[in-house]
Amino acid sequence: ETLSYSMLVDAGNALFVYRYAVVLEDPGHAPEDQPRFEISMFDQDSMPISCGQYEVTASAGIPGFELWYDEEGDSVIYKNWSAVSVDLSSYIGQTVTIRFATGDCALGKHFGYAYIDCYCSPLQLTSQFCPGLASTTLSAPPGFAQYLWSTGETTPDIVVTDPVEGQVLTCTLTSVAGCSITLSTLLTPST
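Residues numbered from 1 in each chain as written. Predicted model: local features only at pLDDT ≥ 70, side-chain atom pairs only at ≥ 80, totals over all residues. Heavy atoms only, no water.

### Comments concerning the sheet that holds strand S12 (residues 157–161)
An order of S9-S10-S12 is seen for the 3 strands of this open sheet, with the pairing classed as antiparallel. The open sheet has two edge strands, strand S9 (126–127) and S12, and neither has a second partner. Relative to S12, strand S10 (residues 135–139) runs antiparallel, the two sharing 5 bridges. Of the residues in S12, the one forming a bridge with Thr136 is Val160. (Pairing = 2+ DSSP bridges. Helix = DSSP H or I, 4+ residues; strand = E, 2+ residues; numbered from the N terminus.)

Structure follows, in structure tokens:
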């Protein structure tokens with residue numbers, strides 16, 4: 001089963017965020033016959049987008065997956081809702097295609113399925129800076145595996161005490177595929 005979506009990338013949607021949950025029965029077949037889940041992203045020339053590929057086949061010990069046994073004693077692996085962000089800023093002006101696919105066991109009887117939720121947003125840091133306040137909160141886009149702010153903090157949202165108008169703060173975001181991007185923001189009063 002496949003779901004595909006194509007979109008024209010612009011500055012307002014350069015961050016593609018997808019949330020997914022996966023359930024795969026693990027009958028213990030050869031990897032090519034196992035239930036699977038795949039995410040693929042392609043540029044306008046049908047070339048794979050860097051850091052836009054993810055594939056998993058049913059097996060024990062997949063990072064982030066849990067093991068459960070059904071009524072017949074068959075093992076099922078699942079992953080609760082997880083968010084992933086993909087930087088599409090280098091594809092502005094192009095139409096990209098995102099494809100989600102699941103597959104049941106190639107030998108029959110064993111299932112594989114996923115739930116998907118997606119949205120786009122600008123690729124930027126946000127803040128609600130008001131001069132004179134003792135602190136302000138900065139937020140990086142969701143769905144990255146790691147965050148590293150110029151302050152040394154490693155969470156998606158940080159609180160800056162004694163913020164100064166004109167202060168520049170940066171955050172390096174690293175995707176689950178290991179791709180990184182650094183965003184910066186200049187503290188200016190919110191309107």
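This is not the end of the story, as more comes after the structure.
### Here we look at the side chain of Ser75
Within the secondary structure layout, Ser75 lies in strand S6 (residues 75–87). The exposure class of Ser75 is buried, given its relative accessible area of 14%. What Ser75 contacts, discounting residues up to four positions off in sequence, is Leu24, Glu25, Asp26, Leu67, Trp68 and Tyr69. (Buried < 20%, exposed > 50% of the residue type's maximum accessible area, 1.4 Å probe, protein only. Contact = heavy atoms within 4.5 Å.)

### Quick word on the sheet that holds strand S14 (residues 180–186)
The 3 strands are arranged S11-S13-S14 in an open sheet whose pairing can be described as antiparallel. What marks the edges here is a single partner per strand, and that holds for strand S11 (146–149) and S14. On average, each strand axis in the sheet is inclined to that of its neighbour by 20 degrees, with strand direction left out of account. (Axes fitted to C-alpha atoms, helices over the stretch in contact; angles between N-to-C directions.)

### Considering the state of the cysteines
A full pass over the atoms with the stated rule returns 1 disulfide. One disulfide bridge connects Cys51 with Cys179, the sulfur atoms lying 1.1 Å from each other. Here Cys51, found in the loop between strand S3 (36–42) and strand S4 (54–57), pairs with Cys179, found in the loop between strand S13 (168–174) and S14; they are 128 residues apart in sequence, far enough to count as distant. Exposure remark for Cys179: the relative accessible area of 27% places this residue in the partly exposed category. (Disulfide = S-S within 2.5 Å.)

### Thoughts on the layout of surface pockets
Any empty space left between the atoms is revealed when a probe the size of a water molecule rolls over them. Taken as a whole, the largest pocket holds about 170 Å³ of empty space. Looking at the largest pocket, it is lined by 14 residues, and the ones nearest its centre are Ser50, Cys51, Val86, Asp87 and Cys179. Of all elements in the fold, only S6 and S14 reach the threshold of two or more residues within the lining of the largest pocket. Of all the elements, S6 adds the most residues to the lining of the largest pocket, at 3 residues. (1 Å grid on protein atoms, 1.4 Å probe; cavity = no way out; pocket = protein on both sides within 12 Å on 5 of 7 lines; lining within 4 Å. Points joined across faces, edges and corners; volume = space filled by probe spheres on them.)

### Regarding the nonpolar core
Ranked by size, the top nonpolar core spans 24 residues in total, and within it Phe16, Tyr18, Leu88 and Val96 carry the most contacts. Of all the elements in the fold, those that place two or more residues in this core are strand S2 (15–26), S3, S6 and strand S7 (95–103). With 5 residues, the single largest contributor to this core is S2. Among the nonpolar cores identified, the runner-up in size contains 18 residues, and Phe129, Tyr147, Cys171 and Leu173 belong to it. (Core = buried A, V, L, I, M, F, W, Y, C linked by side-chain atoms within 4.5 Å.)

### A short note on a nonpolar patch on the surface
A cluster of nonpolar residues, Trp81, Tyr113 and Tyr115, forms a patch on the protein surface that exposes about 330 Å² of accessible area. Along the chain, Tyr115 falls in strand S8 (residues 112–121). Judged by relative accessible area, Tyr115 falls into the partly exposed class, the value being 45%. (Patch = residues over 30% accessible without salt bridge, like charges linked within 9 Å, V, L, I, M, F, W, Y side chains within 5 Å. Areas by Shrake-Rupley, 256 points an atom, 1.4 Å probe, with all protein chains shown as cover. Salt bridge = Lys/Arg side-chain N within 4 Å of Asp/Glu carboxyl O.)

### Some remarks on the pairing of S6
Across 11 bridges, S2 lies against S6 in antiparallel orientation. Note that in S6 the partner of Tyr18 across the bridge is Val84. Count of turn residues in the strand S5 (residues 66–69)/S6 antiparallel hairpin: 5 residues, of which Gly73 carries a positive phi of about 90 degrees.

### Some points on the environment of Ile116
In this fold, Ile116 is placed in strand S8. Taking the relative accessible area as the measure of exposure, Ile116 reaches 27% and is therefore partly exposed. Sequence separation between Ile116 and Ser82 is 34 residues, and the spatial gap between their C-alpha atoms is 9.8 Å. The residues touching Ile116, leaving out its near neighbours within four places in the chain, are Arg19, Tyr20, Phe37, Trp81 and Phe100.

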